[in-house]
Structure formats: structure tokens, C-alpha cells
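Single-letter residue listing:
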Amino acid sequence: MSLLTIESPKHCANKEINVKKFYKKFFFIFSSFFTTILSLIFIVWLILHPAKPQFSLQEADVYQLKLSSPNNLLNSSIQLTLLSKNPNEKVGIYYDELQVYAAYKGQQITVYTPLPPFYQGHQDSNLLTASLIGTGLPVASSFGYEVGRDQTAGKLFLNLKLNGRLRWKVGTWVSGRYRLNVNCVAVMAFGPTLPSGPLSSKQGTLCSTTV
């Protein structure tokens, strides 16, 4: 003979209240733990206060800058060397999705050239080299006039730009990705009498960097 147990409505209500209390307690403990971890990461981040990387232009050589008319199509060839430095004592940097290109008077004159991703340790420095090429790139009708003006003035100004993303590394913790933009200005002697070799800029000047 089986015994049938029928729970009262009051007993069922108490069980439901206990289940709700358990989930609330679990949620509170999980939230507190998660908040504590985030707070610790944030405190460590504030203490270390990572400085943005530094880039400087070591050398830029223009081997070709030829405009074909009447279509205003440009063929260009530029060799670039940049020095990248991590100034932080306790923060490493991962560089991802790096691309380099050259611009003149706000016009892009080479295609995007990818650079391999790399990791930069504390206070490390790395040389980055790239061959920038442009074949049949359309430019504004004023391009030839602007180049002629610079030749008369005796100086050619080029913007050499690097775009990508970086991640900070503190111990075993790695941050999310941050956008990186670098702009270097190359100033080259460009008089009426052109040199036999390429137009060159060897300055070691600091580039502007935004993260």
C-alpha cells in the first residue's frame, strides 16, 4: 500500500521562496566576484598607466613619382624605415593588422602595404621596413602643379602613415584591441636640379601617434 503525500500550498510557497533566495544569493556572489576582478584589473591599469608607443622616421627614399597625362595616373615607389619603441617598463604591446601607405597633399599615392604582426617587450625597440608601391593610382588634376611648386621651393613634403591595432599586455592579462594611427612627415631636398639617386629623407624625427 503506497502512501500519498500531498504538500500544502504553504509548503510549496516556502520551497519557491527558498529557490529564489538561492538564485539571488548565487547571482550576488557571482556579481561580487566579477566586480572584484574588474576592479583589480582597473587598479593595476591605473598604477601602471601605460604610455603610448613612440615611432620615429629613420629613412624614406622616393625612387619613382611619375605622373602620366592626360589621365592623371600616378606610378610611385617609396622605401620606408620606421623605428618603433615601447617606453613602458611593465607593459608589453601586441601590434596587429598593421598597414603603411604614403600620402601627398592629402592624396594617397601608394597602396596599403601590410606589415607582419609582432610583440614588443618592455622598453624594446624594433625597426620596421616597407616598400610602398603605387601603380596607375588616380590623383587630382592639381597633383602635377603641386609637385612643381614644391620643386621650385626646393623641398618635397610627404606623409608616411601607419594604421593598425594594438593590445596591451600586463603579466598574463591582455587587453582588447585599440586603434593605432601614426603620421610621419618626410622632408626631402627637391630642387630644380634633381640628384642622380632617389629623393631621400634621413631625419630620425618623432612621428605623431594616437591610440
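Before reading on, note that the structure itself is shown above.
Cut-offs and rules
- Residues numbered from 1 in each chain as written.
- Predicted model: local features only at pLDDT ≥ 70, side-chain atom pairs only at ≥ 80, totals over all residues.
- Heavy atoms only, no water.
- Helix = DSSP H or I, 4+ residues; strand = E, 2+ residues; numbered from the N terminus.
- Contact = heavy atoms within 4.5 Å.
- Phe/Tyr/Trp six-rings, centres within 6.5 Å; stacked < 30°, edge-to-face > 60°.
- Buried < 20%, exposed > 50% of the residue type's maximum accessible area, 1.4 Å probe, protein only.
- Lys NZ or Arg CZ within 6 Å of the ring centre and 35° of its normal.
- Arc of directions from axis to C-beta.

Q: Help me understand the side chain of Asn 86 in this model?
A: In this structure, Asn 86 sits in the loop between strand 2 (73–85) and strand 3 (92–104). Those residues in contact with Asn 86 that lie beyond four places of it in its chain are Val 91, Gly 92, Ile 93, Gln 120, Gly 121, His 122, Gln 123 and Asp 124.

Q: What is the right way to look at the packing of aromatic side chains in this model?
A: Each aromatic ring pair is specified by the distance between its two centres and by the angle formed by the two planes. Evaluated as defined, the whole model comprises 5 aromatic pairs. On the basis of an interplanar angle of 50 degrees and a centroid distance of 4.7 Å, the ring pair of Tyr 94 and Tyr 119 is categorised as tilted. One end of the pair, Tyr 94, is in strand 3; the other, Tyr 119, is in strand 6 (residues 118–120), with 25 residues separating them in the sequence. Assessed through its relative accessible area of 24%, Tyr 94 is described here as partly exposed. Classification of Tyr 119 as partly exposed rests on a relative accessible area of 36%. Linked through ring pairs, Phe 55, Tyr 95 and Phe 118 together constitute an aromatic cluster. We note Arg 167 situated over the ring of Tyr 94; from NZ or CZ to the ring centre the distance is 4.7 Å.

Q: Is there a simple way to explain helix 2 (residues 143–153) in this structure?
A: Along an α-helix, residues three or four apart share an orientation, since each turn contains 3.6 residues. Of all the positions in helix 2, only Phe 143, Glu 146, Val 147 and Asp 150 are classed as buried. Seen end-on, helix 2 carries its buried residues on one side only, within an arc spanning 100 degrees. Exposed residues lying more than 90 degrees from the buried face of helix 2 are Tyr 145 and Thr 152. Residues of helix 2 that are buried in the fold lie against strand 1 (54–68), strand 2, strand 3, strand 4 (107–108), strand 8 (154–170) and strand 10 (178–190).

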